[in-house]
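# Understanding the architecture of this molecule
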2 protein chains.
Amino acid sequence: MSRASTSARPPGRPRSGVNAVVFAATLSTIDELGYARATVDRIAAAAGVAKTTIYRRWPSKGELIVDCLLDAFGPIPLEGAGRAELMSSAVRWIAAKIGEPGVGDAFAGVFSDAVSDPALRVVLSTRLQDRYRLALQDALGEPEHRVLFFIDVVVGTLLHRMGMTGEPMVDADVAALVEMVLPYFADGAGPT
Amino acid sequence: MSRASTSARPPGRPRSGVNAVVFAATLSTIDELGYARATVDRIAAAAGVAKTTIYRRWPSKGELIVDCLLDAFGPIPLEGAGRAELMSSAVRWIAAKIGEPGVGDAFAGVFSDAVSDPALRVVLSTRLQDRYRLALQDALGEPEHRVLFFIDVVVGTLLHRMGMTGEPMVDADVAALVEMVLPYFADGAGPT
DNA sequence: AAGTATCGATACCGAGAGTAGCGTAAGGGG
DNA sequence: CCCCTTACGCTACTCTCGGTATCGATACTT
């Protein structure tokens, strides 16, 4: 009811559509310089935008990165015949996304920041994780705690490899991850 | 030949044995305030030591944390009858250590810093990860890349849970992790 | 006593997150 | 047309933190 009215435009100068430009600049800057050196000033410069404009749209660097990741990931594609095919395609999709330039570093970086920032942790878990948790719960028919465990294993493993080596996980190891996860989550298996 | 001579003591004032005090202060400060607010100044104050003394012994905050983690973890106990028992006890030991106050936060924090700091990444992977990788390779008779994958899965999963919730993984989920990992690494299994 | 190296204290530098203030641009409605 | 409202760019600023420099005092050896 608030902004759904077709043409109820708010007064004042309309926002220029720079969100997409800022997202692209964020990922490319992180890809080129790494997470720590990708300062807000540099991201703003790469986007051709004033730093204050970024802070008018996002309250903190962390939330900018989370929004950027939401944009980069998009909705998770959950097609596939059986459960096994569905889960393995989900794992491969997450691995592929994390392997895209800048995405893995951005994810690992904001994740690390969240360790010491409870507010950012809430943003990260509700805005990003819940989106895929709910989709997976729906598609797999698994209870919440099982899906959370699944996400911990898949994302945790991929990020740990990324953080330790600086490179995304190679296909052979992603295949190993699938082979490890699948039997545990096969129909009717598991302890709970 | 350098310092092995029994009583070849170097000249000058000997170092006071404050390493243990600094390690304890580091973990307790991180436990109380979180990783980001655990500044070097605060750690020094908690240890009753000047900040400059810390920087005389460790070249950076990251290396201090790595040394602190090395001290907190100690050597991995690898006793156990069969392979399965050996692996499950290893997983539980790592989970327990990460659950100790301050240790998980410190680990996740320094891990995050390593994402943007290649030098710290080298320190982390050679000083900390290699220690347990070599012990596990020796005890399990697995090739390097399999043990690295094992570490990615176990540590990655535990740290992801810690980072997302702020709390270490509960025993039930650690048990699930064991049940997932064991069949994959059973004798003769696996793709490679 | 002389020499050497550590410790504590204070002051400092540089970088980066985030904010304040101001003039200006881009739309609306009278 | 002029006014109102909001967004934008710009500059300058504060604050925190990692890390460094300097100096006098201290501990231990020879």
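Residues numbered from 1 in each chain as written. Chains lettered and ligands numbered in written order. Predicted model: local features only at pLDDT ≥ 70, side-chain atom pairs only at ≥ 80, totals over all residues. Heavy atoms only, no water.

## A short note on the interface of chain A and chain B
- With 38 residues of chain A at the contact, the number on the chain B side is 38 residues.
- The three residues of chain A that bury the most area against chain B are His160(A), Met164(A) and Met180(A), which together make up 22% of that side's buried surface.
- The partner of Arg161(A) in a salt bridge is Asp152(B), with the nearest N and O atoms 2.5 Å apart.
- The tally of links between chain A and chain B comes to seven residue pairs in polar contact (both at pLDDT 80 or more). (Contact = heavy atoms within 4.5 Å. Buried area = accessible area lost by both parts, 1.4 Å probe. Salt bridge = Lys/Arg side-chain N within 4 Å of Asp/Glu carboxyl O. Polar contact = N/O pair within 3.5 Å; in protein donor to acceptor, adjacent residues only side chain to side chain.)

## Considering the protein's contact with DNA strand D
- Close to DNA strand D lie 24 residues, the nearest being Arg13(A), Thr53(A), Arg56(A), Arg57(A) and Lys51(B).
- Ser16(A) places a polar side-chain atom, nitrogen or oxygen, 2.9 Å from a phosphate oxygen of DNA strand D.
- The side chain of Thr52(A) places a nitrogen or oxygen atom 3.0 Å from a base nitrogen of DNA strand D.
- Those elements giving two or more residues to the surface near DNA strand D turn out to be helix H3 (51–57) of chain A together with helix H2 (40–47) and helix H3 (51–57) of chain B.
- For the surface near DNA strand D, the element with the most residues is H3(A), which contributes four residues. (Near = heavy atom within 4 Å. Helix = DSSP H or I, 4+ residues; strand = E, 2+ residues; numbered from the N terminus.)

## Details of helix H6 (residues 103–116) of chain B
- The end-to-end C-alpha distance of H6(B), which contains 14 residues, comes to 21 Å, matching closely the 20 Å that a straight helix rising 1.5 Å per residue would cover.
- Burial analysis of H6(B) places 13 of its 14 residues in the buried class, which makes it a mostly covered element. (Expected span 1.5 Å × (residues − 1). Buried < 20%, exposed > 50% of the residue type's maximum accessible area, 1.4 Å probe, protein only.)

## Remarks on the relation of the copies chain A and chain B
- The transformation that overlays chain A on chain B combines an axial shift of 0.0 Å with a rotation of 180 degrees, and the residual RMSD is 0.1 Å. In short, the pair behaves as if placed about a two-fold rotation axis.
- A shared binding surface is used by both copies, with 100% of the interface residues of chain A retained as interface residues in chain B. (Least-squares fit on C-alpha atoms with pLDDT ≥ 70 in both.)

## Quick look at the packing of helix H5 (residues 83–99) of chain B against helix H9 (residues 171–184) of chain B
All names here are of chain B.
- It is the contact of H5 with H9, at a shortest axis distance of 10 Å, that shows an interaxial angle of 145 degrees. Classified by chirality, the crossing of H9 by H5 is right-handed. Residues Ala84, Met87, Ser88, Val91, Arg92 and Ala95 of H5 form the contact with H9, whose own contacting residues are Val174, Ala175, Leu177, Val178, Val181 and Leu182.
- Class assignment for the residues of the contact of H5 with H9 results in 10 nonpolar, one polar and one charged. (Axes fitted to C-alpha atoms, helices over the stretch in contact; angles between N-to-C directions. Left-handed = near helix turned anticlockwise from the far one by under 90°. Nonpolar A, V, L, I, M, F, W, Y, C, P; charged D, E, K, R; others polar.)

## Describing the domain arrangement of chain A
Residues and elements named next belong to chain A.
- Along its sequence, chain A is organised into domain 1 (19–68) and domain 2 (74–184).
- Of note, the centres of domain 1 and domain 2, computed from C-alpha atoms alone, are 23 Å apart.
- Between domain 1 and domain 2, the contact holds 10 residues from the first and 12 residues from the second.
- Contact with domain 2 buries surface across domain 1, with Leu27, Tyr35 and Val66 losing the most and accounting together for 51% of the total.
- Here domain 1 and domain 2 share two salt bridges between them.
- Put simply, domain 1 and domain 2 have two residue pairs in polar contact (both at pLDDT 80 or more) between them.
- Listed by contribution, the elements that provide at least two residues to the side of domain 1 that touches domain 2 are helix H1 (19–33) and helix H4 (61–73).
- Considering every element that reaches the side of domain 1 that touches domain 2, the biggest residue donor is H4, with five residues.
- Residues of the side of domain 1 that touches domain 2, tallied by class, amount to five nonpolar, two polar and three charged. (Domains from an automatic or database assignment.)

## Here we look at the pattern of salt bridges
All names here are of chain A.
- A full pass over the atoms with the stated rule returns 20 salt bridges over all chains.
- Notably, a salt bridge pairs Lys51 with Asp41, separated by 3.6 Å at the nearest N-O pair. Taken together, the positions of Lys51 in helix H3 and Asp41 in helix H2 (residues 40–47) put the pair 10 residues apart, joining distant regions of the chain.
- Accessibility expressed as a relative area gives 37% for Lys51, which makes it partly exposed.
- Linking Arg83 and Glu142 is a salt bridge whose minimum nitrogen-to-oxygen distance equals 2.5 Å.

## As for the packing of aromatic side chains
- Scanning all chains against the criterion turns up 18 aromatic pairs over all chains.
- Between the aromatic rings of Phe73(A) and Phe107(A), the centroid separation amounts to 6.0 Å while the plane-to-plane angle is 90 degrees, which identifies the pairing as edge-to-face. A residue pair is termed long-range when its members are at least 10 positions apart, and Phe73(A) in helix H4 and Phe107(A) in helix H6 (residues 103–116) qualify at 34 residues. Here the two residues Phe73(A) and Phe107(A) agree in accessibility, since each one is buried.
- Summarising the aromatic geometry, the rings of Phe73(B) and Trp93(B) are spaced 5.9 Å apart at their centres and angled 70 degrees between planes, so their arrangement reads as edge-to-face. Separated by 20 residues along the polypeptide, Phe73(B) in helix H4 (residues 61–73) and Trp93(B) in helix H5 bring together distant segments of the chain. Trp93(B) shares its class with Phe73(B); the two are buried.
- The structure contains a cluster of three or more aromatic residues connected by ring pairs, namely Phe73(A), Trp93(A), Phe107(A) and Tyr132(A).
- In this structure, Lys61(B) packs its charged tip against the face of Tyr35(B), placed 4.7 Å from the ring centre. (Phe/Tyr/Trp six-rings, centres within 6.5 Å; stacked < 30°, edge-to-face > 60°. Lys NZ or Arg CZ within 6 Å of the ring centre and 35° of its normal.)

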